[in-house]
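Analysis of the macromolecular model
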Amino acid sequence: MPLDIHLLIGGEAGQGLVTIGQLLSKALVRAGYEIFVSQSYHSRIRGGHNTFSIRLGGGPFFAPRESIDILVALNAETVELHRGQLTDQALLIADSAFAPDLPGTISVPFAELGPEHLWNTVALGLLGRILDLSSASLRQALEAMLGKKHPETLVENSEIMEKGRVWAAAHVPKHGFTLAGGAPAADRLLLNGNQAIALGALAGGLKFCAFYPMTPATSIVLELIAHAEVMGCVFEQAEDEIAAINMAIGAAYAGAPSMVATSGGGFALMAEGVSLAAMTETPVLVAVAQRPGPATGMPTRTEQGDLEFVLHAGHGEFPRAIFAPGSVEACYHLTQKALALAEHAQSPVFILTDQFLADSSRPVVPFDAAAIVPVVAGVEPSAVPTPYQRYCLTVNGLSPRLLPGMSTHLVVADSDEHDEDGHISEDHGVRIAMMDKRLRKIEILKQEAIAPELAGEKGADLLLVCWGSSQGPVLEAVADLRGQGRNVASLHFSQVWPLVPSQFVDILQASGKVVCVEGNATGQFARLIQRETGFAMPSRIARYDGLPFTARYILNRLAAVEGKA
Amino acid sequence: MTSIEEYGKYETAWCPGCGNFGILKSLKQALVACELEPHQVLLVSGIGQAAKTPHYLKANVFNGLHGRSLPVAIGAKLANPELTVIAESGDGCMYGEGGNHFLAALRRNLNLTILAHDNRVYGLTKGQASPTSEQGFVTKTQPHGAFAAPFNPVAVAVTMGASFVARGYAGMPEHLAGLIVQAIKHRGTALVDILQPCVSFNKVNTYQWYKEHCYELAGDHDPGDHALALRTALEFGERIPLGVIYKKEGPIFEDQFAVLKNGPLARQEVSREGLRQIMQGYV
């Protein structure tokens, strides 16, 4: 078994647990370890119960783990909430004031080691020693975070961290969580899903983003704005989500590859805009980061509950494509593809992610910036016949898109049904011709559709079907079952619309038992598959408590599902 | 030189005698006076009878959703700052459905023009009260008369320190054309609220009514005097002033983006070296 340590830091918002978590993560990645970072937090700035989880070791890891090997409790509540998850050999690091009388508890006199606002730094020193991570790598990470901006703070923190380290050397007994010497790898990027979406958008040629802040989508925009100047990207915080998508459509019409990023409630306000993009045949990328609904739901938790909503949002009938990345790397690559496809098909295209993937970080091999193929908006004016007609009828449904003001041709776009010139028309023949033209583009989207990824062999006794962010936990569950000698495979969809049944129906049919694993209560994807292919998946593993799937959760439920059968 | 003929002639869906005819004529005159070619102009509208105007002259057009002309106009202007962008719609679209966008657009102060056809009634949906209808205005949907106090777009804009606020009247097309020219040439968001009779559904605010109530601001009105502008904007009853009520110079929204000084975003290269360095920041 490769080294697999689960470290959980818990405390209130404001205690600095994210700071230690991030510093430790950076140091671990630089030292050559695989890590998987996930965060759990309440929708508040102070107080509440928050955790920062790092799974570390030989990996790679694509999912969180429930059982805990090292628990750092910055408050008493953390001990109470998580003691049940501790493994037999676990270490529990807690302040002497509330350290419980449990085996493996390390009672730390934090007050003697540093001022209260730096107890997180004390904990960092302790952890560095416990894991046997070099002081140099931690100090390097500390420097990178505090930088040259706060030299005094850096000195103070370094000293306090060292105190923690020295104390741990003297007081922590022998344990089984020492890292067995790093395997320094080439520089890797520590990215979460939303950061990867932002980088993918910039790599794809994004030039405009409008948004209204909404968890868990906001971090996509924050990342874009941080790099906007270097990448020549214009952005604006709109007055509401309706304005945001209309701005993006206006910018895209005028030639800037554009996106919006939002979550369920904000996306609800964008629905009419989605329909407008479809009618005016304006490319726009819509990133929807799901959280549990209905209404405000659970703002900082995760769910895959908006598949049907995103699939059907917007009145009228029109083509669309929906990508559902399953990993950080897929977030980067699929966002580029989505931007390119939106331009190519002159359609709204979606990236459907969720809080779990948005906030989970992993080290990834750097992407090749030299190899990017940014979107080119519109076609050359010399390439269109005169007189120019924005919506001229074509065999494949694509009418050459010119940009307004870039030539003497006039570009007329209309949300009303329109003729080939783009002007309002109430003619029924025109209506049919234009509907058919727009709907022909579904074939273009199908040609570009990504086939689901089969991990394992076709014809396995058990096939786990999943989409989007559930990929990592499902793969881990499958690996566990194979380790038990079972013939198991998984089929992951990173594109959930349009579906091309010929790409996967034979796999479903050839499998023994097929179980659909998805993070919603009613089995939306299983229903979609049945609607499109006739293939029913009555066995489902659902999760809708606001928490992400883990391999353990899937294995436990699977036992119940299989028991029933 | 551009000529008015270049802006074309189209058959319209408007009632005979509609105030929109005067506004369309003034708009064409203004574009010619600004020496703009049709391809340099983008007209963005929402939905309503006024919002059909862009279909009746030659220009780039984005006829979007009801209430949403301004965000589309803003997006387009930010993508291509070289375009002359005009958002044109009625009072229901601009001040009702799009009220939030109207306020936000004035605060942003992009270099664009807002032409609000203000006939104080919903025409396309056949005669309901609009945000600017007088109190007591009786319709089939307001049988007891409109209860809500009317929105005064000019006073709101002046209060917010919008950078160019004017009021025109469809019955005075030459005067209106002059206002539109100033609005287009103004560096910043320019609002022209255009009073307009609706011959089919507004039997109160008729051509005769406007003739009796409207007056042109005197030549000595100082549009740079904010207090005076506010008093003038609030004068809306027995007498209604027409002209440039408030005006100020200042920075525009586009100034904050260095990349916009290089012209349309569509022409800007994506920096691979920039991207490579950004990625290094995640190591």
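Residues numbered from 1 in each chain as written. Chains lettered and ligands numbered in written order. Predicted model: local features only at pLDDT ≥ 70, side-chain atom pairs only at ≥ 80, totals over all residues.

Section: the overall build of chain B
We apply this condition: Helix and strand definitions here come from DSSP, where helices need a minimum of 4 consecutive H or I residues and strands a minimum of 2 consecutive E residues; each element is numbered from the N-terminal end. Both definitions apply: the radius of gyration is a C-alpha atom measure, and the globule rule equals 2.2 Å times residues to the power 0.38. With C-beta atoms placed from the backbone, a residue is buried if 20 or more other C-beta atoms are within 10 Å of its own, exposed if 12 or fewer are, and partly exposed between those counts. Here the contact rule is simple: place C-beta atoms from the backbone, and any two residues whose C-beta atoms are within 7 Å are in contact.
The number of helices and strands found in chain B is nine helices and eight strands. Whereas a compact globule of 283 residues would reach a radius of gyration of roughly 19 Å, chain B reaches 20 Å, a difference of no more than 12%. The dimensions of chain B, computed from C-alpha atoms along their principal axes, are 70 × 45 × 40 Å. When burial is assessed residue by residue, chain B has 52% of its 283 residues classed as buried. For chain B, restricting intrachain contacts to residue pairs at least 6 apart in sequence, the fraction spanning at least 24 positions comes to 69%.

Some points on the interface of chain B and chain A
Using the following cut-off: Amino acid classes used here: Ala, Val, Leu, Ile, Met, Phe, Trp, Tyr, Cys and Pro are nonpolar; Asp, Glu, Lys and Arg are charged; the rest, including Gly, are polar.
Listed as interface residues are 47 residues of chain B and, on the opposing side, 60 residues of chain A. The set of elements that each furnish at least two residues to the side of chain B that touches chain A consists of β2 (60–63), α2 (69–79), α4 (99–108) and α9 (272–280) of chain B. Take the side of chain B that touches chain A: its biggest share by element is eight residues, from α2(B). A per-class count over the side of chain B that touches chain A returns 28 nonpolar, 13 polar and six charged.

Details of the pairing of strand β1 (residues 4–13) of chain A
Residues and elements named next belong to chain A. Quick note on the threshold: The rule for pairing is simple: two strands pair if DSSP sees at least two bridges between them.
A large share of β1 lies buried, amounting to seven of its 10 residues. Of the strand pairs in this sheet, β1 and strand β3 (residues 47–57) are connected by nine bridges, and their pairing is antiparallel. Counted as the bridge partner of A13 is G47 from β3. In the sheet, β1 pairs with strand β4 (residues 68–73) via four bridges, with the strands oriented parallel.

A few points about the nonpolar core
Here is the rule we go by: Here a nonpolar core is just a set of buried residues of the types Ala, Val, Leu, Ile, Met, Phe, Trp, Tyr and Cys, joined wherever their C-beta atoms sit within 7 Å.
Counting 257 residues, the largest nonpolar core has I93(A), A248(A), A287(A) and A76(B) as its most contacted members. Looking at which element gives the most residues to this core, the answer is helix α12 (residues 328–345) of chain A, with 11 residues. With near-sequence residues (within four places) excluded, A76(B) lies in contact with G250(A), A251(A), Y253(A), A254(A), L42(B), V44(B), F62(B), L83(B) and V85(B). In terms of nonpolar packing, the next biggest core, distinct from the first, is built from six residues, V121(B), A129(B), F137(B) and C198(B) among them.

Some thoughts on the domain arrangement of chain A
Residues and elements named next belong to chain A. Here is the rule: As used throughout, domain bounds are those supplied by an automatic or database domain assignment.
Each assigned domain of chain A is listed here: domain 1 (4–171), domain 2 (190–371), domain 3 (378–448) and domain 4 (453–564). The gap between the C-alpha centroids of domain 2 and domain 4 is 26 Å. Counting residues at the interface gives 25 residues for domain 2 and 21 residues for domain 4. Of all the secondary structure elements, the ones that give two or more residues to the side of domain 2 that touches domain 4 are α11 (307–312), β12 (321–323), α12, β13 (348–354) and α13 (355–359). Here the side of domain 2 that touches domain 4 is composed, by residue class, of 14 nonpolar, six polar and five charged.

Things to note about the packing of helix α1 (residues 17–30) of chain A against helix α4 (residues 119–131) of chain A
A pair of packed helices is characterised by two quantities: the angle between their axes and the separation of those axes. Residue and element names in this part refer to chain A. Rule in force here: Interaxial angle, 0 to 180 degrees, is taken between N-to-C directions of lines fitted to C-alpha atoms, where a helix line uses only the stretch in contact. An angle below 35 degrees is read as roughly parallel, one above 145 as roughly antiparallel, one from 65 to 115 as roughly perpendicular, and any other as oblique. Left-handed describes a crossing whose near helix is turned anticlockwise from the far helix through less than a right angle; right-handed describes the clockwise counterpart.
Interhelical geometry of α1 versus α4 gives an angle of 30° and a closest axis separation of 9 Å. Judged by the angle between their axes, α1 and α4 are roughly parallel. The interaxial crossing formed by α1 with α4 has right-handed handedness. Where α1 approaches α4, its residues L17, T19, I20, L23 and L24 are matched on the opposing element by N120, A123, L124 and L127. Class assignment of the residues belonging to the contact of α1 with α4 gives a composition of seven nonpolar, two polar and no charged.

Let's talk about the confidence of the model for chain B
Rule in force here: How sure the predictor is of each residue is captured by pLDDT, a score from 0 to 100.
Taken residue by residue, chain B gives an average pLDDT of 97. The fraction at 70 or more is 100%. Of the two predicted TM-score estimates for the complex, the pTM is 0.97 and the ipTM is 0.98.

Some thoughts on the environment of G176(A)
Tracing the backbone shows G176(A) in the loop between α6 (151–171) and β7 (189–192). G176(A) sits 277 residues away from E453(A) along the chain, and the two C-alpha atoms are 37 Å apart.

Notes on helix α1 (residues 19–33) of chain B
Residue pairs spaced three or four apart in an α-helix point in one direction, given the helix's 3.6 residues per turn. All names here are of chain B. To be explicit about the condition: By definition here, a helix of n residues has an expected span of 1.5 Å times n minus one.
Compared with an ideal rise of 1.5 Å per residue, which puts 15 residues at 21 Å, α1 spans 21 Å between its outermost C-alpha atoms and is within 8% of the ideal. Those residues of α1 lying buried are G19, N20, G22, I23, L24, S26, L27, K28, A30 and L31. Among the structural elements, β1 (41–45), β4 (113–118), α6 (173–185) and β6 (190–195) are those in contact with the buried residues of α1. Phi turns positive, to about 55°, at E35, one or two residues after α1.

As for the environment of A278(A)
All names here are of chain A. Position of A278 among the secondary structure elements: in helix α10 (residues 264–280). Given 23 C-beta atoms within 10 Å, A278 falls into the buried group. Here the alpha-carbon distance between A278 and A226, two residues 52 residues apart in the chain, equals 30 Å. Dropping the residues within four chain positions of it, A278 is found in contact with G314, F318, S347 and P348.

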